[in-house]
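Examination of the molecular architecture
So you can see what is in the structure, the chains are spelled out below.
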Amino acid sequence: MSEEQLARDFLDAIGDLEREMVRLGARDPQGLGDAVRQLTDSKSLVRRYRSDLLTFATLRNAIAHNSYMHGRPIATPLPETVSRAKEVLAQFTRPAQAVDFGHTPLMFDESADLQPALQEMASRRLSQAPVTSGGVYKCMLTTNAVARWLASNIDQDGNVLMTEVRVADVVKHLEDHEVAKFAARSLTASEAVDLLTRKAPPLAVLLTQDGNKAQSILKILVASDVPAMMMALGA
């Protein structure tokens, strides 16, 4: 591909990125760099690709100024740079969706017997599961809460009586930080990663149609889903 075609393809991608920044809320930006600075604090995708975007903005300005040396343009994008610009653009026009990751929910009513619930969680290698009361979400059943319940119910011989134990008995041992966050199914993978990697993250992100906990849970995202989402983001 000629230098001219590389430059044209690159500038086209940057033009599209600038339009995406405006769509996301940038107000009268003076170029891509200004748009990125406006949106960094409020938009997850912009934060994630900030370094790339600012590099593209610098190169775009150099190309647009038509600087030449010995009859050749000083700034010509490498094929790899053009490809990367197109990849980043695709993340804005077709962002990876959180609902494509995670697992379908395994849920228990608070009145359910504990032992079969734990067996089912173990068979699916889950360390947490939503608990409902009357069909409405109440809290999360966690293996940590189970461990606390066990510790408080061991008799002098080291035995634990599991008969007639309900899920409701165990969730009384949840700690304050063991909470889930509801989000709409439109949540992007980038936004989900931000939630699950922030300081004091939720135990899980529960996706429903509109983020309403009265709605059916479509997917559950936990910290172990972050690597797959990061890979999809090209990060």
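What counts, and at which threshold
- Residues numbered from 1 in each chain as written.
- Predicted model: local features only at pLDDT ≥ 70, side-chain atom pairs only at ≥ 80, totals over all residues.
- Heavy atoms only, no water.
- pLDDT = per-residue confidence, 0-100.
- Helix = DSSP H or I, 4+ residues; strand = E, 2+ residues; numbered from the N terminus.
- Contact = heavy atoms within 4.5 Å.
- Pairing = 2+ DSSP bridges.
- Buried < 20%, exposed > 50% of the residue type's maximum accessible area, 1.4 Å probe, protein only.
- Axes fitted to C-alpha atoms, helices over the stretch in contact; angles between N-to-C directions.
- Core = buried A, V, L, I, M, F, W, Y, C linked by side-chain atoms within 4.5 Å.

What follows covers the confidence of the model for the protein. In the predicted model, the protein carries a mean pLDDT of 91, and 93% of its residues have values of at least 70. Here strand 1 (residues 68–69) stands out as the element of the protein with the lowest mean pLDDT, 57, in contrast to strand 7 (residues 204–208), whose mean of 98 is the highest.

Turning to the side chain of Thr188, a few remarks are in order. Residue position: Thr188 is located in the loop between strand 6 (180–184) and helix 9 (189–197). Apart from the residues within four sequence positions on either side, Thr188 is in contact with Pro95, Ala96, Gln97 and Ala98.

Bringing the pairing of strand 6 into the picture now. Of the strand pairs in this sheet, strand 6 and strand 7 are connected by five bridges, and their pairing is parallel. Among the inter-strand pairings, Phe182 is bridged to a residue of strand 7, identified as Leu206.

Turning our attention to the side chain of Thr208. By the element assignment, Thr208 lies in strand 7. On the accessibility criterion, Thr208 (0% relative accessible area) is buried.

What follows covers the sheet that holds strand 8 (residues 219–221). The mixed open sheet is built from three strands, whose spatial order is 6-7-8. Each end of this open sheet is capped by a strand with a single partner; those strands are strand 6 and strand 8. With strand direction ignored, the average angle separating the axes of adjacent strands in the sheet is 30°.

Another aspect to go through is the nonpolar core. Most often, soluble globular proteins have nonpolar side chains that are buried together. Core analysis: the largest hydrophobic core is formed by 42 residues, its most contacted members being Leu17, Leu32, Leu53, Phe56, Phe92, Leu221 and Met229. Per-element tally for this core: the top contributor is helix 1 (residues 3–23), with seven residues. With residues near it in sequence (within four places) discarded, Leu32 still touches Ile14, Leu17, Glu18, Met21, Leu53, Phe56 and Ala57. Counting 18 residues, the second largest nonpolar core, distinct from the first, contains Ala117, Val131, Ala145 and Val146.

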